[in-house]
Structures are given as C-alpha cells and as structure tokens.
Amino acid sequence: MAGKERNVKVKIENLHKTYPSRNGEVTALNGVNLDIMENEFITVVGPSGCGKSTLLNIIAGLEKPTSGKVYCDDQEINGTGTERGVVFQQYALFPWLTVKGNVQFGIHLQGIKGEEADQLAMKYIRMVDLEDFVDHYPKELSGGMKQRVAIARAYAANPSVLLMDEPFGALDAQTRTQLQEELLHTWEKEQKTCFFITHDVDEAIILGQKVVIMSARPGRIKEVVDIPIPYPRNQESKISKEFLEAKNYIWSQVYKEYLEVRK
Ligand SMILES: Nc1ncnc2c1ncn2[C@@H]1O[C@H](COP(=O)(O)OP(=O)(O)OP(=O)(O)O)[C@@H](O)[C@H]1O
C-alpha cells in the first residue's frame, strides 16, 4: 500500500518506437523512461496518438521497441509472458467458452486442474459479482459483464503485472463507475502492479497512485503526478480536496497537450 518500500517491477529505459508509414516514418515514442514500482497502480493519460498503446504493447511484449529496453523483475522483455496479463477495450473473450470456461483458461495455463481450478475460477467470478452467470456464454452478457469476465480472467491467470488499455472505454458511465470501484477494491485486496491507460482524467485520478501525463506525439513522459487520495477510495473520494486539486492540475496539463495536437 502507499508508503511501503517497494522494488522496481517494470523498468522502461530510453524507449523509442518508429513505425513505417506512407509519408515516411512516424515516431510514436521518443525517449520514454519510467520506473513502475511493485504493486503500484499507474494510470496514463495523454492526447490521442501520443503513444500510450504503443508503450503498453511494448511492455506486454506484443511490439518490439526500435531502441531502448524494458525490464520486468530485472529480466529484459523480449516477448509476451505469463507474468504480464493484458486487458483490452474489446473484451477478447473466447465465444465458445462459458464465463467459467473463460476464467478457467488462465488457471489451466498455470497447470492447475480439477477441483482446485474450479474453486479458483469461482473465487474470481465472485470477485466480479458474476456468480449467477457462470454457465452463460459471452454473447448472452452485456458489455460491462463481458469486461468483468475479462478482468476476472486476467486476475485468475495470476500475472504480477496487469496491463490495461482503456478497459472501460466502451462502457456507459454507470457501468464504468461500478467497474472502477470493483477494480479499486480488488487492487486494495490483492495488490498487483497495474498499468492502466485511459482518456478519462477522473478515472486516472481515482484509480492511480500516480498519473503519468504523456505529451503530444512524439510521445514522451511530460510529468508523473502523485495522487495523495487516501485508501480505501470510492466514488465519494471524487469530491475530496485532493481529488479536485489533482483534477484541476492534470486537466490543465493534458489540455495543453491537446492544443499541441490541434496546432
Ligand atoms: N502498427 C502501426 N503502424 C503505423 N503507425 C502506427 C501503428 N501503431 C500506432 N501507430 C502510430 O503511432 C502513433 C501512436 O499510436 P498509439 O496507438 O500508441 O497512440 P495512443 O496514444 O494509444 O492513441 P489513442 O489514445 O488514440 O488510442 C500514432 O501516430 C499511430 O498512428
């Protein structure tokens, strides 16, 4: 929890990423350095196209950097790995598996089978409040429920780092608020290192111990802002003095970057 001494979990060193494009090269990341501490919840905001997803995909091992390195537990990242779980905006569930089957998938990958796998799956299904839907298929669920399954599946695979790319971006405001609370409670209970991308400054502040503000393309880290809102946090934390101060400050910084994009 906040204040406890921690080790660096993910180290990002001088990361550059360029993509080929029709008009030459696009520089998506231009010298990104960041230490993500063990069990820390980091949220990332910045204007569209500033390289947030590129950064997450490189940490996930789904993309390779053009130069620079990323380490997880001092090991250089060269590809995907079970210690890093990813949740995307689109739920990416297996349509042929039930809720329980989807959640068990990551448990089976760890070599856990039978009754133990069953009990673990139920623990994570309860965590996201879906115990009445264990035998339902994804097509029978709402968007919010599907995203709950995706989160339960990611947790059940027991990664030590959870990478989330706008996981609530496609949800209505009420479901989004509910899932923020669930994610907060889950993280408070079962801490993991979380790296969470969002366009929503309020969401970044309520979830994050630190908010990383990225600058307009080519992406760099403009500033890392500590969020001193005490735990346990809930929606009422959004009217606290700490929240409102952070919101004014972060929003003004992000807005400057939006203006850069529009120049
Ligand atoms: N596979 C690719 N090929 C070419 N260009 C790419 C590729 N992926 C990303 N880019 C470019 O790299 C830049 C950063 O993209 P990225 O998706 O990382 O930004 P983002 O901050 O996540 O954007 P958004 O907030 O809109 O999702 C953009 O200019 C994008 O067009």
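Residues numbered from 1 in each chain as written. Predicted model: local features only at pLDDT ≥ 70, side-chain atom pairs only at ≥ 80, totals over all residues.

1. Thoughts on the packing of helix α2 (residues 99-109) against helix α3 (residues 114-127)
Closest axis-to-axis distance for the α2/α3 pair is 9 Å, and the angle between their directions is 120 degrees. What the angle tells us is that α2 and α3 run oblique. Where α2 crosses over α3, the handedness of that crossing is right-handed. Note on element contacts: α3 touches α2 through Ala117, Leu120, Ala121, Tyr124 and Ile125, opposite Val99, Lys100, Val103, Gln104, Ile107 and His108. Here the contact of α2 with α3 is built from residues that sort into 8 nonpolar, 2 polar and 1 charged. (Axes fitted to C-alpha atoms, helices over the stretch in contact; angles between N-to-C directions. Helix = DSSP H or I, 4+ residues; strand = E, 2+ residues; numbered from the N terminus. Parallel < 35°, antiparallel > 145°, perpendicular 65-115°, else oblique. Left-handed = near helix turned anticlockwise from the far one by under 90°. Contact = placed C-beta atoms within 7 Å. Nonpolar A, V, L, I, M, F, W, Y, C, P; charged D, E, K, R; others polar.)

2. Remarks on the site of the ligand
In the region of the ligand, 13 residues are neighbours, and Tyr19, Ala28, Ser48, Ser53 and Thr54 sit closest. Going through the elements one at a time, β1 (8-21), β2 (24-37) and α1 (52-60) are the ones with two or more residues in the shell around the ligand. Considering every element that reaches the shell around the ligand, the biggest residue donor is α1, with 3 residues. Tallied by class, residues from the shell around the ligand come to 4 nonpolar, 7 polar and 2 charged. (Near = placed C-beta within 6 Å.)

3. Focus: the pairing of strand β3 (residues 41-45)
When you tally the buried positions in β3, you get 5 out of 5 residues, the bulk of the element. Of the two faces of β3, the one holding Phe41, Thr43 and Val45 and the one holding Ile42 and Val44 are both buried throughout. As judged from the 4 bridges shared by β3 and strand β8 (residues 193-197), these two strands associate in the parallel manner. What sits directly across from Thr43, in β8, is Phe196. With 4 bridges joining them, β3 and strand β9 (residues 210-214) adopt parallel strand pairing. Residue Thr43 lies in a different strand from β9, and its bridge partner there is Val211. (Buried ≥ 20, exposed ≤ 12 C-beta atoms within 10 Å, placed from the backbone. Pairing = 2+ DSSP bridges.)

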